[in-house]
Amino acid sequence: MAKRNVTVRMKADHEYEAVNPQGNVVQIDMYDPQEKKSQSPMDLLLSALGSCASVDAVLMMKKKRKTVEDFYVEVEGIRNEGVPAFFTEISMKFVLISPDAKQEEFAKVVALSVEKYCSVASSLKSIITFTSEVKIY
């Protein structure tokens, strides 16, 4: 079983940073949109899903020897009205700029990427066991 971990540390009341063992840092904040400096945890979840699904889609198109001039995915989440405001629906719009790719082959590649290879999508669809431990020093 492969483990991954990050450490999330408070910087201010609504500001945090996450660091992985390699030292890569992600800034996170929970400010209102007009004060926002970084992505929120829910933004990061959408970003993780979109980037995870994108990597394999692009690599598979290149493996098919298709030209990838540009690629992006627009990820939109609809949240529950109550607390917690979890996502009830997430949609992704994949856009490929390519002079030689066909719609049908791109759709198949995206479906494979999202449904088979993307570990973030699989995690969101699965039942995850959460545990917590608390310590005070």
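None of the values given here were measured: they were computed from a predicted structure.

A. Spotlight on the nonpolar core. One finds F71, F94, F106, V110, V114 and C118 to be the most contacted residues of the largest nonpolar core, which totals 17 residues. Listing elements by their share of this core, those giving two or more residues are α1 (41-63), β4 (70-79), β5 (87-97) and α2 (103-117). Here this core takes 7 residues from α1, the largest share from any one element. Apart from residues no more than four positions distant in its own chain, V110 is found in contact with A57 and F94.

B. Molecular detail of the sheet that holds strand β1 (residues 7-12). Pairing within the open sheet is antiparallel, and its 3 strands lie in the order β1-β2-β3. Only two strands of the sheet have a single neighbouring strand rather than two, namely β1 and β3 (25-29). Strand-to-strand twist across the sheet, computed as the mean angle between neighbouring axes with direction ignored, equals 25°. Here β1 pairs with strand β2 (residues 15-19) via 5 bridges, running antiparallel. Paired with T7 across the strands is V19, a residue of β2.

C. Focus on the packing of α1 against α2. At their nearest, the axes of α1 and α2 sit 9 Å apart, and the two run at 135° to each other. Relative to α2, the element α1 is oriented oblique. Between α1 and α2 the crossing geometry is right-handed. In this structure, α1 contributes C52, A53, D56, A57, M60 and M61 to the contact, and α2 contributes E105, F106, V109, V110, L112, S113, V114 and Y117. The residue makeup of the contact of α1 with α2, split by class, is 11 nonpolar, 1 polar and 2 charged.

D. The arrangement of the pairing of β2 in detail. Between the end of β1 and the start of β2, which pair antiparallel, lie 2 residues. Examined bridge by bridge, β2 and β3 share 5 bridges and lie antiparallel to one another. Paired with A18 across the bridge in β3 is V26. In this antiparallel pair of consecutive strands, β2 and β3, the connection spans 5 residues, and G23 shows a positive phi of 90°.

E. Focus on the environment of V6. By the element assignment, V6 lies in the segment before β1. Considered as a pair, V6 and N20 are 14 residues apart in the sequence and their alpha carbons are 4.4 Å apart. Not counting the four nearest positions on each side in its chain, V6 is found in contact with V19 and N20.

About the criteria used
- Residues numbered from 1 in each chain as written.
- Predicted model: local features only at pLDDT ≥ 70, side-chain atom pairs only at ≥ 80, totals over all residues.
- Heavy atoms only, no water.
- Core = buried A, V, L, I, M, F, W, Y, C linked by side-chain atoms within 4.5 Å.
- Buried < 20%, exposed > 50% of the residue type's maximum accessible area, 1.4 Å probe, protein only.
- Helix = DSSP H or I, 4+ residues; strand = E, 2+ residues; numbered from the N terminus.
- Contact = heavy atoms within 4.5 Å.
- Pairing = 2+ DSSP bridges.
- Axes fitted to C-alpha atoms, helices over the stretch in contact; angles between N-to-C directions.
- Parallel < 35°, antiparallel > 145°, perpendicular 65-115°, else oblique.
- Left-handed = near helix turned anticlockwise from the far one by under 90°.
- Nonpolar A, V, L, I, M, F, W, Y, C, P; charged D, E, K, R; others polar.

From the geometry alone we can't say anything about function, so treat these as descriptive.
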